[in-house]
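# Per-entry structural report
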Amino acid sequence: RDVRRTDARASRASAPAPRDDDEDVDASTFDASTFDASRRALLALAASTTTVMVGADVARASPVRASMRMADRGPVARAAPRPPCGPGYATLRDAGTYRGLATVDREGRGLRGLLPPNVVEDDVEVRRAREALGQCDGAFESYKQLVALQTTDERTFYKLLRSDTERLLPLLYTPTVGEACLRFGTLIQRPMGVWVSSDDAGNVRELMRNWPRDDVKIAVITDGERILGLGDQGANGMGISAGKSMVYAACGVPPSALLPIQIDTGTNNKTLLDDPLYIGLKRERDRSQAYDALLDEVVVSIR
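Scope of this entry: the structure provided in the associated data block. This is a predicted model, so every value here is computed, not measured. (Residues numbered from 1 in each chain as written. Predicted model: local features only at pLDDT ≥ 70, side-chain atom pairs only at ≥ 80, totals over all residues. Heavy atoms only, no water.)

## Some details on the nonpolar core
- Counting 24 residues, the largest nonpolar core has Tyr-143, Leu-146, Phe-157, Leu-160, Leu-161, Leu-168 and Leu-172 as its most contacted members.
- Elements supplying a minimum of two residues to this core: α5 (122-134), α6 (139-150), α7 (154-163), α8 (165-172) and α11 (238-250).
- Looking at this core, the element that brings in the most residues is α6, giving 5 residues.
- When neighbours within four sequence positions are excluded, Leu-160 is seen to be in contact with Val-126, Ala-129, Arg-130, Leu-146, Leu-149 and Leu-168.
- Among the nonpolar cores identified, the runner-up in size contains 11 residues, and Leu-207, Met-208, Ile-263 and Val-298 belong to it. (Core = buried A, V, L, I, M, F, W, Y, C linked by side-chain atoms within 4.5 Å. Buried < 20%, exposed > 50% of the residue type's maximum accessible area, 1.4 Å probe, protein only. Helix = DSSP H or I, 4+ residues; strand = E, 2+ residues; numbered from the N terminus. Contact = heavy atoms within 4.5 Å.)

The structure is reproduced here in structure tokens:
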């Protein structure tokens, strides 16, 4: 027995010292002492970290046991089902309701916690938009900034447009809208409108029902074949319909009464047909009676 004790002590003395560093350990040299050192390091890390376990029995699942002792962990209580998301998130994406920090009735619209707490007047939001516009380099960048504002906060957009119409109209319509049509496929945020293609024949009325306004008085329609001397721009012509609608709004027509429409029956512009970013139908323009029938269906559906 004494001999065996001596041999055991000698074996422990010759064993390599535990590793306390973060170096990778080759599997061929991995032994129990290395594992013990790694386990102690993980235990120390877990003990120094506060872990919040959603839906778990915290009294029975400490950070150490949660990290290292899966077999000993107590049964996890099922969390109550999460209630449905309130209307606030949708409100943030409703350009007709969202008004930035000037948005009112935040409680009723489920916006508490989704907006900074400061509440301001409309004029402050208009000033904010004007300052953002002033940071743009060039007319096209200004166009993108204005379109982004229109698609997120209509009230501020139209207040800004009517307060500085002479300066802003050239950015939203001619001459800038021509460049916007040429680069329409690169726009992340595009002007809002209704898109009607040849594939929608027979179902145009359903498309029109998807438009959120029901008091439309003026529809601005294009098929994109002749855009400001730039030729056939296909579906990119929506920039013209939307831009002209903005002109009417600047002159006092209620924005809700305006409906930009792009009719897409193809394009004969080979550059667009070969462009992977082109947003329209990748086919040659349809000039048959089906085109006339689609126009008639659009007009009837609007009425």
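## Some remarks on the environment of Arg-99
- Within the fold, Arg-99 resides in the loop between α4 (88-92) and α5.
- Arg-99 sits 56 residues away from Arg-155 along the chain, and the two C-alpha atoms are 6.5 Å apart.
- In contact with Arg-99, other than residues within four places in its own chain, are Val-104, Asp-122, Glu-125, Asp-153 and Arg-155.

## Remarks on unusual backbone geometry
- Of note, the bond from Thr-174 into Pro-175 is cis; its omega dihedral lies within 30 degrees of zero at 5°.
- Here the phi dihedral of Asp-105 falls at roughly 50°; this positive angle occurs in a residue that is not glycine.
- Topologically, Asp-105 is positioned in the loop between α4 and α5.
- If you check the backbone angles, Leu-228 has positive phi at about 50° while not being a glycine.
- With respect to the secondary-structure elements, Leu-228 resides in the loop between β2 (218-222) and α11.

## A few points about the layout of surface pockets
- There is about 400 Å³ of room inside the largest pocket.
- The wall of the largest pocket is formed by 20 residues, among which Glu-154, Met-192, Trp-211, Pro-212 and Arg-213 lie closest to the centre.
- Put simply, the parts of the chain that give the lining of the largest pocket at least two residues each are α7, α11 and β3 (258-264).
- Take the lining of the largest pocket: its biggest share by element is 3 residues, from α11.
- A breakdown of the residues in the lining of the largest pocket according to their chemical character gives 11 nonpolar, 5 polar and 4 charged. (1 Å grid on protein atoms, 1.4 Å probe; cavity = no way out; pocket = protein on both sides within 12 Å on 5 of 7 lines; lining within 4 Å. Points joined across faces, edges and corners; volume = space filled by probe spheres on them. Nonpolar A, V, L, I, M, F, W, Y, C, P; charged D, E, K, R; others polar.)

Geometric values such as these leave the question of function open.
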